[in-house]
Amino acid sequence: MPNASSWSASSPLLLLWEDSSGTRIFLSLLYAVLAISGTLSNVMVIYLVFSFKKLQTTSNAFIVNGCAADLSVCALWMPQEAVLGLLPPNSSSLRSAEYRLLRGGLLSLGLTVSLASHLLVAFNRYVLITKLPSVYQALYQRRHTGCMIGLSWALALLLVPLLPGLWTPGSAQQPPPRQTDGGSRYTALLLALAVLGQTALLLHCYLGIVRRVRGSAKRVSVLNFHLLHQLPFPAAPPPPRRAQRRLSSVSVLLLCCVFLLGTQPLVWVSLLGFFLRPAPPALQAASWLLLCSLSALNPLLYTWRSEEFRRAARSVLPRGEGPAA
């Protein structure tokens, strides 16, 4: 088809080269739903943490950092994709290289900081549960916490100019069938290896927490930290020890499964394209959509099991219990 390469090089929605207008409209609606739900959930978490002193913990500082990064994806990048997907393929907005680079920068910045925040939260909880309280207090002083958050943004800003094509959907991820871009292929390989390493560290932290909790529920119960309320474990009143260990393990494993579902498809699609042959365009599109949708799900992953967050949310929503509750 004569327009295949031009459409794939300018498509903002990871569309197939021969997609119909109905498919583009469906994806635009999907981006709009993710943008609205993700923006509301991330803003709500940030507002609750800044409004309630009990929620102002070290773990929640990393969660807020991730929410701020996810807002750049949900509130800034996704709405543009939803609107641009309704434009004709030959639109001047789609052909603007500078505009595509700007959208790619927003996506790169948001996803990089978001993935780094996942790891910071996991490591924070791992140190809290498995190490002595003195070690946790020495490592997570306010100055150290601020440095960790600042480094996550500095790393993202450093990588933004290095990944202009990779983070611009429809450009480097889905080149025309006869196009070969060695630089993009190696960049995709480095991205896949980096995400694999980050995933391995995250799983090590959470599985270490599961082993610790299953081996000694008493060890967790005696730690007098408000941060315990932010763990994806059952809040008060505590169930019997066996049920507590079972629910704790299920909650952590569920969090890990959702994270793996959002990140690993893109990793293996990138590895497949580097070592064997490029994956089908539909599979590439699905892997990117899963990764982007994680930005809308992240606030729920870290707050759905927290009684403190639920109380704070009920106090600000209509017919809530009030701040005194």
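Residues numbered from 1 in each chain as written. Predicted model: local features only at pLDDT ≥ 70, side-chain atom pairs only at ≥ 80, totals over all residues. Heavy atoms only, no water.

The name that an unreviewed UniProt entry assigns to the protein chain is GPR88 protein, with the source organism given as Pygoscelis papua. In the Subcellular location (unreviewed entry) part of its UniProt record, the protein chain is described as follows: "Membrane". (UniProt positions renumbered as here; feature names shortened; annotations may be inferred.)

## Considerations on the nonpolar core
Y206 and Y302 are the most contacted members of the largest nonpolar core, which has 44 residues in total. Among the secondary structure elements, those contributing two or more residues to this core are α2 (21-51), α3 (58-84), α5 (97-130), α8 (182-215), α10 (241-275), α11 (281-303) and α12 (307-316). No other element matches the 10 residues that α8 contributes to this core. Sequence-distant contacts of Y206, defined by excluding residues within four places in its chain, comprise V121, A122, R125, V252, L255, C256 and Y302. (Core = buried A, V, L, I, M, F, W, Y, C linked by side-chain atoms within 4.5 Å. Buried < 20%, exposed > 50% of the residue type's maximum accessible area, 1.4 Å probe, protein only. Helix = DSSP H or I, 4+ residues; strand = E, 2+ residues; numbered from the N terminus. Contact = heavy atoms within 4.5 Å.)

## Looking at the packing of aromatic side chains
In this structure the tally under the stated criterion is three aromatic pairs. A ring pair is formed by Y31 and W77, whose centres lie 5.4 Å apart and whose planes are at 80°; its orientation type is edge-to-face. One end of the pair, Y31, is in helix α2; the other, W77, is in helix α3, and 46 residues separate them in sequence. Considered together, Y31 and W77 belong to a single accessibility category, that of buried residues. Ring centres 6.1 Å apart and planes at 70° place the aromatic pair F62 and Y140 in the edge-to-face group. In this pair, F62 sits in helix α3 while Y140 sits in the loop between α6 (133-139) and α7 (142-159), placing the two residues 78 residues apart along the sequence. Across the pair, Y140 and F62 agree in class, each one buried. An aromatic cluster is present here, built from F62, Y136 and Y140 joined pairwise through their rings. (Phe/Tyr/Trp six-rings, centres within 6.5 Å; stacked < 30°, edge-to-face > 60°.)

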